[in-house]
Protein chains: 2
Amino acid sequence: MSGEKEYLKSYDKEMYEKPSVTVDLLVFTIVDDRLKIVLVKREEYPFKDMLALPGVFVNIDETLDGAAKRGIKEEAGITDIYFEQLYTWGDVNRDPRMRIISVSYLSLTPSEKIQLSIGQRTSSVELYDVEELLTSDAKLAFDHKKIIEYGRERIKNKTEYTQIAFEFLEEEFTLPQLQKVYEILLGKSLHKANFRRKVMPMVEETERMTMGDAHRPSKIYRVKENTIVV
Amino acid sequence: MSGEKEYLKSYDKEMYEKPSVTVDLLVFTIVDDRLKIVLVKREEYPFKDMLALPGVFVNIDETLDGAAKRGIKEEAGITDIYFEQLYTWGDVNRDPRMRIISVSYLSLTPSEKIQLSIGQRTSSVELYDVEELLTSDAKLAFDHKKIIEYGRERIKNKTEYTQIAFEFLEEEFTLPQLQKVYEILLGKSLHKANFRRKVMPMVEETERMTMGDAHRPSKIYRVKENTIVV
DNA sequence: TATGTTAGTACACTTTTGATACTAAGTCAA
DNA sequence: TTGACTTAGTATCAAAAGTGTACTAACATA
């Protein structure tokens, strides 16, 4: 049967059995120089007591981006945050209960903005070390480990050809801090002088400097107005 | 309400009204040195007589990739073809009949592989010039113009940092042909000597050359075994 | 055999990237 | 108060990658 005909048939809403659609959220941040992700511990079967990505069902009158935004607010307590659609996962048996198609969203934030466990939720929402999750043989609920791997990879790639790394920092930062973020995301150490030369065009000095450290203070910078971060 | 709770509630399949899920296909190719895309002319309302992306509904026991593969076969008659998931479109009113979430797939092929209008379909499936569609104020059905723009952009970007351009060529090709493909995809002309130096590591000579042209013949190449095309 | 046309290459020049090795400015302990 | 320690920041050279010019090569055709 042709796709066109199927389109037409679909006018009768109940002709086909429909999958459910959820949005799963990958909220990444950096704490103690480590990449972390927000996960929830499941309290019910299937996958009871296992870690899972936070997620919400997409309401019938709600856009995907809208559902993502709502989910990020509900789970991580953040309202203004960078997020982008990551990938849509549609394996038939990814949820043992029924057919669920999951649109995953990638979201990056400085850790200071995260407010876990807001509202009346009983389940625990926590930050987990990403490299630890991915290199250990820890099992996650559903296909969520694969999704996290995919998100981790996207971050690494986009770090190379965009300014996405800035999303992990607050408005003001030092160049050593910025370099550290790049090193965490890329998984390798960078050459100081070359790194500086590269980011210089995208940042501007403030008049302030760090204080109190037992070494030379560093200048505090912010992102230049016209820098396209993502 | 928390996302977790929603997950649990969802165990009752019929608790929420579900959207429909389709896969929309962007099959790109190159004909006469122009980028083309496969479109169908709609035969029914809504958007009767307007051009639209071919698409299929995702069956309840079918993966997204599976649905895409099926659609590409039904609409363009191709079985072995490069394709990747592009983006998932979820605006609430993108289809006036009902809520439809569309997972779009990007697919590239040499034009020789395309077999339009196979089977018993009545509607017309044709190739359309992409730049012409996008620069004119031609209206397409649904949000399909926006989707094509997005796909066009993805091709341009991936041309810059992958070897995706090879997907438009058959197994054997000359370097001038390859350069032309790059120029079409990037929308600008390239410097011959530099282009050659850049692609040389990825191709290997055959023993054959072009014949019959009123100028110097060119060597025929193929992709080197170990080249990662996408 | 000369001409037009496209294929292919040699080489000089510029820009970007990579690495070394230095100087600068704070804290802290002797 | 001074020197040891630590991290911040810079000057400079070398290598690699990219760009542009100008050439030579090999065909068909008149």
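Residues numbered from 1 in each chain as written. Chains lettered and ligands numbered in written order. Predicted model: local features only at pLDDT ≥ 70, side-chain atom pairs only at ≥ 80, totals over all residues. Heavy atoms only, no water.

Trainee: Describe unusual backbone geometry, with residues and values.
Mentor: With omega at -5°, the peptide bond leading from Tyr-45 of chain A into Pro-46 of chain A counts as cis. With respect to the helices, strands and loops of the structure, Pro-46 of chain A is situated in the loop between strand E2 (34-41) and strand E3 (51-52). Look at Phe-142 of chain B: it is not a glycine, yet its phi comes out positive at around 50°. Counting through the fold element by element, Phe-142 of chain B comes out in the loop between helix H3 (130-135) and helix H4 (144-161). Relative accessible area serves as the criterion here: at 14%, Phe-142 of chain B is assigned to the buried category. (Helix = DSSP H or I, 4+ residues; strand = E, 2+ residues; numbered from the N terminus. Buried < 20%, exposed > 50% of the residue type's maximum accessible area, 1.4 Å probe, protein only.)

Trainee: Got a sec to walk through the protein's contact with DNA strand D? Specific residues and values, please.
Mentor: DNA strand D sits among 20 residues. The nearest are Lys-192, Arg-196 and Lys-219 of chain A together with His-191 and Arg-197 of chain B. For DNA strand D, the fraction of atoms within 4 Å of the protein that belong to sugar or phosphate moieties is 52%. Arg-216 of chain A is positioned with one of its side-chain polar atoms (N or O) 3.1 Å from a base nitrogen of DNA strand D. When contributions to the surface near DNA strand D are tallied by element, the ones reaching two or more residues are helix H6 (192-199) of chain A together with helix H6 (192-199) of chain B. Residue classes in the surface near DNA strand D are distributed as seven nonpolar, six polar and seven charged. (Near = heavy atom within 4 Å. Polar contact = N/O pair within 3.5 Å; in protein donor to acceptor, adjacent residues only side chain to side chain. Nonpolar A, V, L, I, M, F, W, Y, C, P; charged D, E, K, R; others polar.)

Trainee: Which residues make up the sheet that holds strand E9 (residues 203-209) of chain A, and what are the values?
Mentor: Residues and elements named next belong to chain A. Strand order in the open sheet made by the three strands is E8-E10-E9, with antiparallel pairing throughout. Edge positions in the open sheet fall to strand E8 (172-174) and E9, since each of these has one partner strand only. Taking each pair of neighbouring strands and ignoring which way they run, the sheet shows an average axis angle of 45°. (Pairing = 2+ DSSP bridges. Axes fitted to C-alpha atoms, helices over the stretch in contact; angles between N-to-C directions.)

Trainee: Talk me through the protein's contact with DNA strand C; I want residue IDs and the actual numbers.
Mentor: Around DNA strand C sit 20 residues, and of these His-191 and Ala-214 of chain A together with Lys-192, Arg-196 and Lys-219 of chain B come closest. Within 4 Å of the protein, the atoms of DNA strand C are drawn from sugar and phosphate moieties in a proportion of 52%. In the model, a base nitrogen of DNA strand C is placed 3.2 Å from a nitrogen or oxygen of the Asn-194 of chain A side chain. In this structure, a base nitrogen belonging to DNA strand C sits 2.8 Å away from a main-chain N or O atom of Ala-214 of chain B. Going through the elements one at a time, H6 of chain A together with H6 of chain B are the ones with two or more residues in the surface near DNA strand C. Here the surface near DNA strand C is composed, by residue class, of seven nonpolar, six polar and seven charged.

Trainee: Break down the pattern of salt bridges for me, citing the residues and quoting the values.
Mentor: All names here are of chain B. In total, this model carries 34 salt bridges over all chains according to the counting rule given. Among the ionic pairs, Arg-94 bridges to Asp-24, the shortest N-O distance being 3.8 Å. Remark: Asp-24 occurs in strand E1 (residues 20-31) and Arg-94 occurs in the loop between strand E5 (82-89) and strand E6 (100-108); sequence separation between them is 70 residues. Accessibility assignment for this pair places Arg-94 and Asp-24 in one class, buried. (Salt bridge = Lys/Arg side-chain N within 4 Å of Asp/Glu carboxyl O.)

Trainee: Pulling in residues and values, what's your account of helix H2 (residues 64-76) of chain A?
Mentor: All names here are of chain A. The first and last C-alpha atoms of H2 sit 18 Å apart over 13 residues, in line with the 18 Å expected at 1.5 Å per residue. Every buried residue of H2 is listed here: Leu-64, Ala-67, Ala-68, Arg-70, Gly-71, Ile-72, Glu-74, Glu-75 and Ala-76. Where H2 starts, the residue carrying a side-chain oxygen 2.8 Å from the main-chain nitrogen of Gly-66 turns out to be Thr-63. Gly-77 occupies a position one or two residues after H2 and carries a positive phi of about 70°. (Expected span 1.5 Å × (residues − 1).)

Trainee: Please give an account of the side chain of Glu-183 of chain A that cites residues and values.
Mentor: Here Glu-183 of chain A is to be found in helix H5 (residues 175-186). One buried charged residue, Glu-183 of chain A, remains without a salt bridge, the closest side chain of opposite sign being Lys-180 of chain A at 4.2 Å. (Lys, Arg positive; Asp, Glu negative; His and termini not counted.)

Trainee: So what about the sheet that holds strand E8 (residues 172-174) of chain B? Which residues, and what values?
Mentor: Residue and element names in this part refer to chain B. If you walk across this open sheet you meet the three strands as E8-E10-E9, and the pairing is antiparallel. The two strands at the open ends of the sheet, each matched to only one other strand, are E8 and strand E9 (203-209). Strand-to-strand twist of the sheet, defined as the mean angle between neighbouring strand axes without regard to direction, takes the value 45°. One ladder, built from three bridges, connects E8 with strand E10 (residues 219-223); its direction is antiparallel. Bridged to Glu-172 within E10 is Arg-222. The strands touched by helix H5 (residues 175-186) are E8, E9 and E10; relative to E8, the strand with the most contacts, the crossing angle is about 85°. (Contact = heavy atoms within 4.5 Å.)

Trainee: Give a description of the environment of Lys-158 of chain B that names residues and reports values.
Mentor: All names here are of chain B. Summarising the element assignment, Lys-158 is placed in helix H4. Owing to a relative accessible area of 16%, Lys-158 belongs among the buried residues under this scheme. A distance of 2.8 Å separates polar atoms of two side chains, one belonging to Lys-158 and the other to Glu-84.

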